[in-house]
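Fold and contact review
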Amino acid sequence: MSSNPLVQFVPYSSAVEAAFWHTLSTRKIDLYKLDDTSHDILGYYSTGHTITSQHATEANISMPARLCLGTGAFDDVNAASFSRLPPFSYPSIGTIKNTNTIEDFKVLDKNALFKEITEQIWQDINSGKAVKNPYLLTRFLLITFADLKKYKYHYWFGFPALVTETSWNVAKNGEIKVISDLWESKDIERFRENYDLFRQKQSCANAGFFLVKRSNDNEIMIGGLSEFDTFFEGCDSDEKIVGFADPSSLPTNPGWPLRNLLVLLQRRWNVYKIKILCYREIPGKKDISQTCILSVEIPNTAKISDECPKGVGWEKNSQGKLGPRSADLAPLMDPTRLADTSVDLNLKLMRWRIVPNLQLEKIRETKCLLLGAGTLGCYVARCLLGWGVRHITFVDNARVSFSNPVRQPLFFFEDSLEGGKLKAQTAAENLKKVYPGSITEGHNISIPMPGHPITSESQTRSDVEKITQLVDSHDVIFLLMDSRESRWLPTLLGASMRKLVINTALGFDTYVVMRHGVKDLDSASKLTGASSSKMPEVKQLGCYFCNDIVAPTDSLKDRTLDQQCTVTRPGLSAIASAYAVELMVSVLHHEKGPVAPADTINDPGSTDISTSTPLGIIPHQIRGFLTNFNNLLIVGQAYDKCTACSDKILEEYKSNGFEFLKRVFDSPTYLEELTGLAKLHQESEAAGDFVWDEEDNEL
């Protein structure tokens, strides 16, 4: 027997779809995080076959024995996931171990993991699980490291095959032959039909291993591996055939699954000689002509000990050596898609390492309207991109000047040539260049202002309608203009529509960043303005105009040169803009959203570390002083005579709409008269005329 050739098996070659790596990346970020424990995955293989060349001068193409991982690899291993595998394929259960660093990947005890899978196969054979579910014979191991910044994946497959002390040989006169050399065509066709019925009954799960015999009436019969004890009753040893779905396409060598199948036959049923049918078909063609049959044997003195045999089966790399492979997907991916996943990656790392409750999806879907595309607008937009905000709209009516590019990071020197490009549209276009996944647009609109008489009613009406529509279609409104009165109309609209309004204003070395208060309709009678016992509670937080006792008027007329230019310390805009965006993100994380009460700074020495959001406190106003690098957190109450958000103003706007706005624009004193500020001024002046009696010494 020793003169007979050994059975040589064709090993698997891994075939991993790009979608598998994408799913692994997603699960690493959203689910696994730093957890490097092993997980089950589902692979599949198909029968091997050779594609015949259509030209006599070209060689036939032998399909490799591939084990594939696709989009459903991470599905739960059950009958439902098996049914979703590609047609004419067979399942293979695997274990994936994904490391956190390339160093972990290199030093990992791979042989120990491989041994675990080998022992699991051995246990399945001894327990009978592999008889009931023979697909367990094809277990595999995958070790990976996913470099998510470079989209490069390092991996190594192991396909454990049990090695017995005595090897199987091709039996005498039992060399492998194609089925047509041994069976008649009618028998081959009947076998194919019966196997199709068997596969439908078994589903793909256990159809990869089966039994074959001829009945007394010479009918081809097929049974499951679990029927071995009864299926071959009355059959001679030469009539017993065990079949398997063979991934090999080589005419003289069976595929890798046969190795563990032979161990099962010997261990479970003391099989020492058997005919093997290597089932091979061309998918969808009803062509099984490449199916082979061979007889194999092993000395009947060969025994398998109770200890788990050694295992072999590490896949070789592209150089033909034992070692890992790598897949570099960066060149294959759409650059825009790469940008999307890279931006999301940094944010998701924050969530699974530091802030588990970070609501990235809510931030991403928030639509932001930036009124002002100057220094503040540019910095706010860039910071919003950093948080993953996709929807950003600019409103401005100015053009890019030569002084803008050095302070405003969305503009370049070329944008200031030939009179300068329109700021809003240019900012949107350049923001798209920074991040192609952003949804941006720019609107060249003049914001009507109190005390600025209307010159064209139709144009003013059109501008008001456009601004109203923009405020209504966005979730957060940023007031980033360079004049006080230009903030009035957006403040009114934001209060009327209950929007989150973030206001930012600059001095030379000071700034204010604040959110406008929104009335809590669910608890209008309660005090809800502050969440800290250190500050007085208020019914509603104030807006930008609530601290004023005069109405906004025309501040743009007769300005000197220093008043026409932005005269602030260059770093101030970036600081204030960052605070504005961070304030927005914090508010989005509060359960009450824009209605959230105000917090004050925690005492650094306090042991109370609780905050109102996962990101910390939510102030009302941040007033910064760059001279001493200090911030003050201030809580301001809504003023019942406020010219922008008081009930009187909102009711008048609701009742009269544009006619009310028209009066405000044309008359510098109308707002003061309407709110009662004018009367307050008169009473104050009257009190100032009181003459104190100098001889009255009483207090």
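Residue indices follow the written sequence of each chain, beginning from 1 at its first position. Note on the predicted model: pLDDT of at least 70 is required for a residue's local features to be given, and 80 or more for side-chain atom pairs to be given and counted; whole-chain, interface and lining totals, by contrast, use all residues. Excluded from the side-chain calculation are hydrogens and water; included are all heavy atoms of the structure.

Quick reminder of the rule: UniProt positions are given in the numbering used here, feature names are shortened, and annotations may be inferred rather than shown by experiment.
The name given to the protein in an unreviewed UniProt entry is Ubiquitin-like modifier-activating enzyme ATG7, with Glomus cerebriforme as the source organism. Its UniProt record, at the heading Sequence similarities (unreviewed entry), says of the protein: "Belongs to the ATG7 family." For the protein, the Subunit (unreviewed entry) comment in UniProt is given as "Homodimer."

1. Details of the overall build of the protein
This is how the line gets drawn: Secondary structure elements are taken from DSSP: a helix is a run of H or I of four residues or more, a strand is a run of E of two residues or more, and numbering for both begins at the N terminus. Atoms counted for the radius of gyration: C-alpha only. Globule rule: 2.2 Å times residue count to the power 0.38. Each residue is placed in one exposure class: buried if its accessible area under a 1.4 Å probe, protein chains only, is under 20% of its type's maximum, exposed if it is over 50%, and partly exposed if it falls in between. We call two residues contacting when some pair of their heavy atoms lies within 4.5 Å. The accessible surface values rely on the Shrake-Rupley method and a 1.4 Å probe; as for residues, cover is taken only from the protein chains in view. For the charge count, each Lys or Arg is scored as positive and each Asp or Glu as negative, with His and the chain ends excluded. The atoms used to mark charge sites are NZ of Lys, CZ of Arg, CG of Asp and CD of Glu.
Helix and strand content of the protein: 20 helices and 25 strands. The C-alpha radius of gyration of the protein comes to 39 Å, more than 25% above the 27 Å expected for a compact globule of 699 residues. Projected onto the principal axes, the alpha-carbon positions of the protein cover approximately 135 × 60 × 45 Å. Within the span of the protein, comprising 699 residues, buried residues form 50% of the whole. Contacts spanning at least 24 positions in sequence make up 73% of the contacts within the protein whose residues lie at least 6 apart. Within the structure as shown, the protein displays about 34,400 Å² of accessible surface, and the carbon and sulfur contribution to it stands at 49%. Distance between charge centres in the protein, computed from 75 positive and 86 negative side chains, equals 8 Å.

2. Some remarks on the environment of Phe413
Counting through the fold element by element, Phe413 comes out in the loop between strand 19 (391-396) and helix 12 (423-434). The spatial distance from the C-alpha of Phe413 to the C-alpha of Ser401 is 8.7 Å, given a sequence separation of twelve residues. Not counting residues within four places of it along the chain, the set of residues in contact with Phe413 comprises Phe402 and Pro405.

3. Let's talk about the sheet that holds strand 19
Note the following rule: DSSP bridges decide pairing: two strands pair if at least two such bridges lie between them. A fitted line through C-alpha atoms serves as each axis, taken over the contacting stretch for helices, and the angle formed by two N-to-C directions is quoted from 0 to 180°.
Read from one edge to the other, the open sheet built from eight strands follows the order 20-19-18-21-22-23-24-25, with strand pairing classed as mixed. One side of each edge strand has no neighbouring strand; the edge strands of this open sheet are strand 20 (439-444) and strand 25 (630-634). This sheet shows a mean twist of 15° between the axes of neighbouring strands, independent of strand direction. Where strand 22 (residues 500-506) lies against strand 23 (residues 510-515), five bridges are found, and the strand directions are antiparallel. Across the sheet, residue Asn503 finds its bridge partner in strand 23, namely Met514.

4. Looking at a nonpolar patch on the surface
Short version of the rule: Patch building starts from residues that exceed 30% relative accessible area and form no salt bridge, then joins like charges within 9 Å and nonpolar side chains (Val, Leu, Ile, Met, Phe, Trp, Tyr) within 5 Å. By definition, a salt bridge exists where a carboxyl oxygen of Asp or Glu is found within 4 Å of a side-chain nitrogen of Lys or Arg.
Taken together, the side chains of Phe402, Phe413 and Leu417 present a nonpolar region at the surface, about 320 Å² in accessible area. Positionally, Leu417 belongs in the loop between strand 19 and helix 12.

5. Overview of empty space enclosed by the protein
Rules: Whether a set of points on the 1 Å grid over the protein atoms alone is a cavity depends on a 1.4 Å probe fitting there but being unable to get out, while an open set qualifies as a pocket with protein on both sides within 12 Å along at least five of seven lines; lining residues are those with an atom within 4 Å of a point. Grid points are joined across faces, edges and corners, and a volume is the space filled by probe spheres set on the points. The classification used treats Ala, Val, Leu, Ile, Met, Phe, Trp, Tyr, Cys and Pro as nonpolar, Asp, Glu, Lys and Arg as charged, and all other residues, Gly among them, as polar.
Evaluated as defined, the whole model comprises five cavities of 30 Å³ or more. Considering the residues around the second largest cavity, the lining is formed by Tyr12, Leu137, Thr138, Arg139, Phe159, Pro160, Trp256, Pro257 and Asn260. Taken together, the residues of the lining of the second largest cavity break down into six nonpolar, two polar and one charged.

6. Looking at the domain arrangement of the protein
Defined as follows: For every domain, the bounds stem from an assignment made automatically or drawn from a database. Buried area: the accessible area, evaluated with a 1.4 Å probe, that two parts lose upon being put together, summed over both parts.
Each assigned domain of the protein is listed with its residue range as follows: domain 1 (13-331) and domain 2 (337-687). When each unit is reduced to the centre of its C-alpha atoms, the spacing between domain 1 and domain 2 is 63 Å. Facing ten residues of domain 1, the contacting portion of domain 2 comprises ten residues. With both chains or domains summed, domain 1 and domain 2 bury close to 940 Å², and 65% of this area falls on carbon and sulfur atoms. Together, Ile29, Lys33 and Tyr151 form the three largest contributors to the area buried by domain 1 at its contact with domain 2, with a combined 49%. Put simply, domain 1 and domain 2 have two salt bridges between them.

7. As for the nonpolar core
Burial of nonpolar side chains together is a common tendency in soluble globular proteins. Basically, it comes down to this: In these notes, a set of buried Ala, Val, Leu, Ile, Met, Phe, Trp, Tyr and Cys residues joined through side-chain atoms within 4.5 Å is what counts as a nonpolar core.
Counting 86 residues, the largest nonpolar core has Trp183, Phe191, Leu261 and Ile276 as the members making the most contacts within it. Looking at this core, the element that brings in the most residues is helix 8 (residues 257-269), giving seven residues. Sequence-distant contacts of Trp183, defined by excluding residues within four places in its chain, comprise Ile188, Phe191, Val212, Arg214, Ile220, Ile241, Leu277 and Ile293. Counting residues in hydrophobic clusters, the runner-up holds 48 residues, among them Val355, Val389, Val400 and Val513.

8. Re helix 4 (residues 110-127)
Applied cut-off: Helix span, expected: 1.5 Å multiplied by one less than the number of residues in the helix.
With 18 residues, helix 4 extends 26 Å between its outermost C-alpha atoms, agreeing within 8% with the 26 Å of an ideal straight helix rising 1.5 Å per residue. For helix 4, the complete set of buried residues consists of Lys110, Leu113, Phe114, Ile117, Thr118, Ile121, Trp122, Asp124 and Ile125. Just past helix 4, the residue Gly128 takes up positive phi, approximately 95°.

9. Description of the confidence of the model for the protein
What counts here: One confidence number per residue, pLDDT, is output by the predictor and ranges from 0 to 100.
In the predicted model, the protein carries a mean pLDDT of 88, and 90% of its residues have values of at least 70. Segment residues 560-564: pLDDT under 50, and three contacts once partners within four positions in sequence are set aside and those in other chains are kept.

10. Here we look at the packing of helix 17 (residues 647-656) against helix 18 (residues 658-666)
Any two packed helices are characterised by how steeply their axes cross, that is the angle between the axes, and by the distance between the axes. Our working definition: Orientation labels follow simple angle bins: below 35 degrees gives roughly parallel, above 145 gives roughly antiparallel, 65 to 115 gives roughly perpendicular, and whatever is left gives oblique.
As a packed pair, helix 17 and helix 18 sit with axes 6 Å apart at the nearest point and diverge in direction by 120°. By the criterion of interaxial angle, the relationship of helix 17 to helix 18 is oblique. Together, Ile649, Glu652, Tyr653 and Asn656 of helix 17 and Phe658, Glu659, Phe660 and Leu661 of helix 18 make up the contact between the two elements. Looking at the contact of helix 17 with helix 18 residue by residue, the classes come out as five nonpolar, one polar and two charged.

11. Some remarks on the packing of aromatic side chains
Stated precisely, the cut-off is as follows: Within 6.5 Å between ring centres, the rings of Phe, Tyr and Trp (the latter by its six-membered ring) count as paired, and their orientation is classed by plane angle as stacked under 30 degrees, edge-to-face over 60, tilted in between.
On inspection of all chains with the given rule, the structure shows 32 aromatic pairs. Both rings, one in Tyr195 and one in Phe210, keep their centres 4.8 Å apart while their planes meet at 50°; by these two values the pair is tilted. Separated by 15 residues along the polypeptide, Tyr195 in helix 6 (residues 185-202) and Phe210 in strand 11 (residues 209-214) bring together distant segments of the chain. A single burial state applies to Tyr195 and to Phe210, both of which are buried. Ring geometry for Phe231 against Phe232: centres 5.1 Å apart, planes inclined by 80°, an arrangement best described as edge-to-face. By the burial criterion, Phe231 is buried, and Phe232 matches it. By the ring-pair criterion, three or more aromatic residues cluster together here, those being Tyr12, Phe20, Trp21, Tyr45, Phe74, Tyr90, Phe140, Tyr153, Tyr155, Phe157 and Phe159.

12. With respect to the environment of Ser462
In this fold, Ser462 is placed in helix 13 (residues 457-473). For Ser462 and Ile445, which are 17 residues apart along the polypeptide, the C-alpha to C-alpha distance reads 9.4 Å.

13. Some words on the environment of Leu385
Here Leu385 shows up in helix 11 (residues 375-386). Those residues in contact with Leu385 that lie beyond four places of it in its chain are Val343, Ile392, Leu431, Val434, Tyr435 and Ser438.

14. Quick notes on the pattern of salt bridges
Pairs can form between side chains of opposite charge once their charged atoms are near each other. According to the stated counting rule, one finds 23 salt bridges in the structure shown. Lys421 is paired through a salt bridge with Asp415; the nearest N and O atoms lie 3.5 Å apart. For Lys421, a relative accessible area of 41% puts it in the partly exposed group. Overlapping salt bridges, with partners in common, bring together Glu189, Arg192, Asp196, Arg199 and Glu281 in one network.

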